Amino acid sequence: MFLTVAGFTFNTSELIPIGLLSDIASDFGVTEAYAGWLITIYAWVVALLSLPLMLYFARMDMRKLLLGIVTLFFVSHIGSVLAEGFWTLMASRVGVACAHSIFWSIAPPMAVEVTPNKSRSTALSALVAGGGIALVAGLPLGRVLGLIAGWRMTFAALGILAGLILLGLFRVFPSLPGSEKDESRTAMLKDILHSKPLMMIYLITAVIVTGHYTGYSYIEPFMDRIVGMEPEAITFTLCLFGVAGLLGSFVMSRYFSRYPGRIIVSACFGLPVIMLILLPVSWISSWLIAPLCVLWGLGITVYNIAFQNEIIVFSPHNSAVAMSIYSGIFNLGIGGGAFVGGMVCRGGAMEYIGYVGGVISLCAAVYCLFRFIPRAKL
């Protein structure tokens, strides 16, 4: 349970600047594009550190490591609350990113380790669900709290939650020795790097996630300034995006085993199509943005789950390391997308973020259709 709540807290913290970007920018007297560096730098730190930190701490007792990173998470959020300037806030967010990069490398194997064999899949599902609920409830609730009491209170609430998680883990979580097979790390990495399907997945993910976050990182100011939606409507739309994620999980559990290729191709092409029609749809009616975001949330969730499944298929013995690389590349795409979206906004073209993100993602979709799908033989 504590790992599930921790997953929710970590993912909410990663996403929350998206919902509070305008308020943070206003408080520090910077543009939304400049404030978007909070998303970019965070994602790049996670991308760069996920694999090396996991390998470095592989031999450490997992309980001690988990308590250490939750403590870092807690302290960094206190720093966010007390930040007197934008770069002070950035420094605290880097601390959170360091904790994040380790957490998602060790949480899945820890959840499996402390669970009886018959319930291991349930434990993993609960952990993933905790992270997914961050989209459904964490981001919208954090935004509501930020609108009512200020963005600092949102970070304070996350810090308090982290403190409670730390106390719970300290009391109930058992000691778990780390790996002692130091010499096997190079072999694991070589196996992964020599797998062409895995390399294709990583390439597709880097490009399509960059395109996705080019649009999604600035969806809140887009709906505010370009579409002219009310704050309550924006919050509701962001919540729908998360609910669609749960719908995506249902679709995957029911249909992916029967139609894997069709589902992967649909998700890959659905994302760019949705972003490319984002602005034209807003011209027709602002109310159409909500159902479009439902499809958007459905698409990115299906994509994410589908390719995580493929990673396990193509790397059954080294899936933890392969997943760590995937997590790093996914976050590289988040940072890259926020960076590209920021450049578009700084150029005074915020209304075109959907076009830019859509074109980037479309390139990955075409590559997936003609190169990955035939090789994967889904």
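For the rest of this paragraph, the subject is the overall build of the chain. Secondary structure assignment for the chain yields 16 helices and zero strands. The burial tally for the chain puts 55% of its 378 residues in the buried class. Relative to all contacts within the chain whose residues are 6 or more apart in sequence, the contacts with residues 24 or more apart total 84%. Summed over its atoms, the accessible surface of the chain is roughly 16300 Å², and 68% of this surface lies on carbon and sulfur atoms.

Let us now look at the packing of helix 1 (residues 2–28) against helix 3 (residues 37–56). With their axes 9 Å apart at the nearest point, helix 1 and helix 3 run at an angle of 160 degrees to one another. By the criterion of interaxial angle, the relationship of helix 1 to helix 3 is roughly antiparallel. On helix 3, the residues touching Phe10, Glu14, Pro17, Ile18, Leu21 and Ile24 of helix 1 are Leu38, Ile39 and Tyr42. Split by residue class, the contact of helix 1 with helix 3 holds eight nonpolar, no polar and one charged.

In this section: the state of the cysteines. Taken as a whole and assessed by the stated rule, the structure comprises zero disulfides. Cysteine 368 supplies the cysteine sulfur nearest to cysteine 268, a cysteine that is in no disulfide, at a spacing of 3.9 Å. Since its relative accessible area comes to 0%, cysteine 268 is described here as buried.

A few words on the pattern of salt bridges. The tally for this structure, following the rule as stated, stands at three salt bridges. In this structure, arginine 152 and aspartate 27 form a salt bridge, with 3.7 Å as the shortest nitrogen-oxygen distance. Linking arginine 152 in helix 7 (residues 151–172) with aspartate 27 in helix 1, this pair joins segments that are 125 residues apart in sequence. Aspartate 27 sits in the partly exposed class, given a relative accessible area of 44%. The residue arginine 225 makes a salt bridge to glutamate 32 at a minimum N-O spacing of 2.8 Å. Residue arginine 225 is found in helix 10 (residues 219–227), and its partner glutamate 32 is found in helix 2 (residues 32–35); the two are separated by 193 residues along the sequence.

Let us look at the environment of glutamate 232. Counting through the fold element by element, glutamate 232 comes out in helix 11 (residues 231–255). The class of glutamate 232 is exposed, set by a relative accessible area of 60%. Sequence-wise, glutamate 232 and proline 140 are 92 residues apart; in three dimensions their C-alpha atoms are separated by 10.0 Å.

So, how was this worked out
Residues numbered from 1 in each chain as written. Predicted model: local features only at pLDDT ≥ 70, side-chain atom pairs only at ≥ 80, totals over all residues. Heavy atoms only, no water. Helix = DSSP H or I, 4+ residues; strand = E, 2+ residues; numbered from the N terminus. Buried < 20%, exposed > 50% of the residue type's maximum accessible area, 1.4 Å probe, protein only. Contact = heavy atoms within 4.5 Å. Areas by Shrake-Rupley, 256 points an atom, 1.4 Å probe, with all protein chains shown as cover. Axes fitted to C-alpha atoms, helices over the stretch in contact; angles between N-to-C directions. Parallel < 35°, antiparallel > 145°, perpendicular 65-115°, else oblique. Nonpolar A, V, L, I, M, F, W, Y, C, P; charged D, E, K, R; others polar. Disulfide = S-S within 2.5 Å. Salt bridge = Lys/Arg side-chain N within 4 Å of Asp/Glu carboxyl O.

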